[in-house]
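Chain by chain, the residues:
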Amino acid sequence: DCREILLPTMTDQLKYHLERQEDLEACCQLLSNILEVLYKKDVGPTQRHVQIIMESLLRTVNRTVISMGRDSELIV
């Protein structure tokens, strides 16, 4: 139930900061942590939550990664 409330807020904030190229390391870490939790087997149904993230952030994340270039320390 908490994810229903928190996830849209978190994705909105991540999108805001990614679009402005602010706090990229913190954004990467937060998105990674969210996806790691959703990947676990014991957290209930997650397909809809992953879909929300994809619809909200995929384009923005792709644009951010492209603009960073290959030499960025955040790209592994």
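Reading guide: rules and limits
- Residues numbered from 1 in each chain as written.
- Predicted model: local features only at pLDDT ≥ 70, side-chain atom pairs only at ≥ 80, totals over all residues.
- Heavy atoms only, no water.
- Helix = DSSP H or I, 4+ residues; strand = E, 2+ residues; numbered from the N terminus.
- Salt bridge = Lys/Arg side-chain N within 4 Å of Asp/Glu carboxyl O.
- Buried < 20%, exposed > 50% of the residue type's maximum accessible area, 1.4 Å probe, protein only.
- Contact = heavy atoms within 4.5 Å.
- UniProt positions renumbered as here; feature names shortened; annotations may be inferred.
- Core = buried A, V, L, I, M, F, W, Y, C linked by side-chain atoms within 4.5 Å.

Under an unreviewed UniProt entry, the chain has the name DOCK1 protein and belongs to Leptocoma aspasia.

Student: Account for the environment of Val 43, with residues named and values stated.
Tutor: Among the structural elements, Val 43 can be located in the loop between helix H2 (24–39) and helix H3 (47–68). For Val 43 and Glu 25, which are 18 residues apart along the polypeptide, the C-alpha to C-alpha distance reads 26 Å.

Student: How would you explain the pattern of salt bridges if you had to name every residue and give the values?
Tutor: Enumeration according to the criterion identifies 2 salt bridges in this entry. The residue Glu 4 makes a salt bridge to Arg 48 at a minimum N-O spacing of 2.4 Å. Remark: Arg 48 occurs in helix H3 and Glu 4 occurs in helix H1 (residues 2–19); sequence separation between them is 44 residues. Salt-bridge contacts for Glu 19 lead to Arg 20; the nearest nitrogen and oxygen are separated by 3.9 Å. Residue Glu 19 is classed as partly exposed on the basis of its relative accessible area of 47%.

Student: Can you break down the environment of Glu 22 residue by residue, with the values?
Tutor: The residue Glu 22 is located in the loop between H1 and H2 in this model. Not counting residues up to four positions away in its chain, the partners in contact with Glu 22 are Tyr 16, His 17 and Cys 27.

Student: Let's hear about the UniProt feature "domain: Dedicator of cytokinesis TPR repeats region" (unreviewed entry) in the chain: which residues, and what values?
Tutor: The positions UniProt marks with the feature "domain: Dedicator of cytokinesis TPR repeats region" (unreviewed entry) are residues 1–75. Taken end to end, residues 1–75 comprises 75% helix and 0% strand; its first and last C-alpha atoms sit 33 Å apart.

Student: Break down unusual backbone geometry for me, citing the residues and quoting the values.
Tutor: Positioned with a positive phi, Gln 21 is a non-glycine residue whose angle comes to about 55°. Within the secondary structure, Gln 21 sits in the loop between H1 and H2. With a phi close to 50°, Asp 23 is a non-glycine residue in the positive phi region. Among the structural elements, Asp 23 can be located in the loop between H1 and H2.

Student: I'd love a proper account of the nonpolar core, names of residues and values included.
Tutor: If you look at the biggest cluster of nonpolar residues, it comprises 12 residues: Leu 7, Leu 14, Leu 18, Leu 24, Cys 27, Leu 31, Ile 34, Leu 38, Ile 52, Ile 53, Leu 57 and Met 68. Listing elements by their share of this core, those giving two or more residues are H1, H2 and H3. No other element matches H2, which puts 5 residues into this core.

Student: Which residues make up the side chain of Thr 60, and what values do they have?
Tutor: By secondary structure assignment, the location of Thr 60 is in helix H3. Its relative accessible area of 8% is what places Thr 60 among the buried residues. When sequence neighbours within four positions are dropped, the list of residues in contact with Thr 60 reads Lys 15, Leu 18 and Glu 19.

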